[in-house]
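# Overview (structure and organization)
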Amino acid sequence: ETGVTQTPRHLVMGMTNKKSLKCEQHLGHNAMYWYKQSAKKPLELMFVYSLEERVENNSVPSRFSPECPNSSHLFLHLHTLQPEDSALYLCASSQDGGASGNTIYFGEGSWLTVV
Amino acid sequence: AQKVTQAQTEISVVEKEDVTLDCVYETRDTTYYLFWYKQPPSGELVFLIRRNSFDEQNEISGRYSWNFQKSTSSFNFTITASQVVDSAVYFCALIEDTGGFKTIFGAGTRLFVKA
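This is a predicted model, so every value here is computed, not measured.

### Quick look at the overall build of chain B
- Along chain B, the regular secondary structure elements total zero helices and twelve strands.
- Along chain B, from the amino end to the carboxyl end, the secondary structure elements read β-β-β-β-β-β-β-β-β-β-β-β.
- Considering only C-alpha atoms, chain B reaches an extent of 45 × 25 × 20 Å along its principal axes.
- Within chain B, the fraction of its 115 residues that count as buried is 45%.
- Sequence-distant contacts, at least 24 apart, represent 56% of the contacts inside chain B between residues at least 6 apart.
- A total of about 5500 Å² of accessible surface is found on chain B, and carbon and sulfur atoms cover 48% of it.
- Side chains of chain B carry 11 positive and 14 negative charges; the gap between the two charge centres is 3 Å.

### Digging into the overall build of chain A
- Of regular secondary structure, chain A possesses zero helices and eleven strands.
- At 13 Å, chain A has a C-alpha radius of gyration in line with the 13 Å of a compact globule built from 115 residues.
- Over its C-alpha atoms, taken along the principal directions, chain A stretches across nearly 40 × 30 × 30 Å.
- Contacts in chain A between residues far apart in sequence, at least 24 positions, make up 53% of those at least 6 positions apart.
- As presented, chain A carries roughly 5300 Å² of accessible surface, and 48% of it is formed by carbon and sulfur atoms.

### Considering the layout of surface pockets
- For the largest pocket, the calculated volume is near 680 Å³.
- Taken together, 27 residues make up the lining of the largest pocket; nearest its centre are A:Gln37, A:Lys40, B:Gln39, B:Val89 and B:Arg110.
- Elements with a contribution of two residues or more to the lining of the largest pocket: strand 9 (87-94) of chain A together with strand 10 (88-96) and strand 12 (109-114) of chain B.
- Considering every element that reaches the lining of the largest pocket, the biggest residue donor is strand 12 of chain B, with four residues.
- In the lining of the largest pocket, the residues fall into 13 nonpolar, ten polar and four charged.

### Structural notes on the sheet that holds strand 8 (residues 73-79) of chain A
Residue and element names in this part refer to chain A.
- Pairing is antiparallel in the open sheet, where four strands are placed in the order 1-3-8-7. Bordering the open sheet on either side are strand 1 (4-7) and strand 7 (64-70), each of which pairs with just one other strand. For this sheet, the mean inter-axis angle between neighbouring strands, taken without regard to orientation, is 20 degrees.

### Quick word on unusual backbone geometry
- For the bond from A:Thr7 to A:Pro8, the omega torsion is -10 degrees, close enough to zero to count as cis.
- Residue position: A:Pro8 is located in the loop between strand 1 and strand 2 (10-13).
- In this structure, A:Thr80 is a non-glycine residue whose phi angle is positive, near 50 degrees.
- Within the fold, A:Thr80 resides in the loop between strand 8 and strand 9.
- A relative accessible area of 42% places A:Thr80 in the partly exposed class.
- Look at B:Ala81: it is not a glycine, yet its phi comes out positive at around 50 degrees.

### What about the interface of chain A and chain B?
- At the junction of the two partners, chain A supplies 29 residues and chain B supplies 20 residues.
- For the pairing of chain A and chain B, the buried interface totals around 1900 Å² over both sides, and the portion due to carbon and sulfur atoms is 58%.
- Put simply, chain A and chain B have zero salt bridges between them.
- The tally of links from chain A across to chain B stands at three residue pairs in polar contact (both at pLDDT 80 or more).

Basis of the calculations
- Per-chain numbering applies: the sequence of each chain, read as written, is numbered from 1 onward.
- Here every chain gets a letter starting at A, and every ligand a number starting at 1, in the order they are written.
- Totals for whole chains, interfaces and linings use every residue, but because this is a predicted model, local features are given only for residues with pLDDT of at least 70 and side-chain atom pairs only at 80 or more, for both listing and counting.
- To obtain the side-chain values, all non-hydrogen atoms of the structure were included, while hydrogens and water were left out.
- Only DSSP runs of H or I reaching four residues or more are called helices, and only runs of E reaching two or more are called strands; each is numbered from the N terminus.
- The cut-offs for exposure are 20% and 50% of the maximum accessible area for each residue type, with area from a 1.4 Å probe on protein chains only; residues under the lower value are buried, those over the upper are exposed, and the others partly exposed.
- Note on definitions: a residue-residue contact is assigned when non-hydrogen atoms from the two residues lie within 4.5 Å.
- To be clear on the numbers: accessible area is Shrake-Rupley with a 1.4 Å probe, and residue cover counts the displayed protein chains and nothing else.
- In this count, Lys and Arg are taken as positive residues and Asp and Glu as negative ones, while His and the chain termini are left out.
- Charge coordinates come from a single atom per side chain, which is NZ of Lys, CZ of Arg, CG of Asp or CD of Glu.
- Each radius of gyration is computed over the set of C-alpha atoms, and the globule rule expresses the reference value as 2.2 Å times the number of residues to the power 0.38.
- Only protein atoms enter the 1 Å grid used here, on which a cavity is any set of points holding a 1.4 Å probe that cannot leave and a pocket is any open set flanked by protein within 12 Å on both sides along at least five of seven lines; residues with an atom within 4 Å of a point are listed as lining.
- Grid points are joined across faces, edges and corners, and a volume is the space filled by probe spheres set on the points.
- Polar here means any residue other than Ala, Val, Leu, Ile, Met, Phe, Trp, Tyr, Cys and Pro, which are nonpolar, and Asp, Glu, Lys and Arg, which are charged; Gly is therefore polar.
- Pairing between strands is defined by DSSP: at least two bridges between them are needed.
- Comment: axis = line fitted to C-alpha atoms, over the contacting stretch for helices; angle = value between 0 and 180 degrees taken between N-to-C directions.
- What gets called buried area is simply the loss in accessible area from a 1.4 Å probe that two parts show on being joined, summed for both.
- Think of a salt bridge as a Lys or Arg side-chain nitrogen and an Asp or Glu carboxyl oxygen that are within 4 Å of each other.
- Throughout this description, a polar contact denotes any pair of N or O atoms lying within 3.5 Å of each other; where both atoms belong to protein, one of them has to be capable of donating a hydrogen while the other can accept it, and for residues adjacent in sequence the pair is counted only when both atoms sit in side chains.

The quantities given are spatial measurements derived from coordinates; they are silent on function.
Written out as structure tokens, the structure is:
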């Protein structure tokens, strides 16, 4: 069983819908991440939270809104998405950040289809 | 700027063949960390190995082995006696000690192992 769990695993939503992706880590880590993986594109880092504070926000459109209520939970709120936002969204966690090169551990991902 | 190149987009082998996945990286830092991940069709990126820049010892874990060579900035991954279950996308990644939370991923190599 993975130490990072994501729900739902699959989501189909219309462009006018509002939905949320949820992530929970059971590893006692301090940092949590959202990555986007589209077909034939490299992994894109979207957001990073460290100790519940956002530390990275890589020019992500405002229709994606992250929330980190505590160090174990991370949400990605979705609203008025576009079909090109269809992708695999991966949540991950690490003990800390780059210093000491902490390993990032990933969840199984949420497959999102926007229709 | 840091960069990870996986020049092999797809590799196809027959079961029991050995296969090497190439990874070349660029960094100006003297302290950095290299990783390999496996992504099966289910979507989750599974951590395989982490190496720091001061440890050039090769590593073997079962049928997996890694060859780290700083002189050529390469961190290649070999699967010996490949099996169908090894079919996946494999990602090489780099994080610099000064990189904060930004792990740089290669584009991935898709490995097909045919029975």
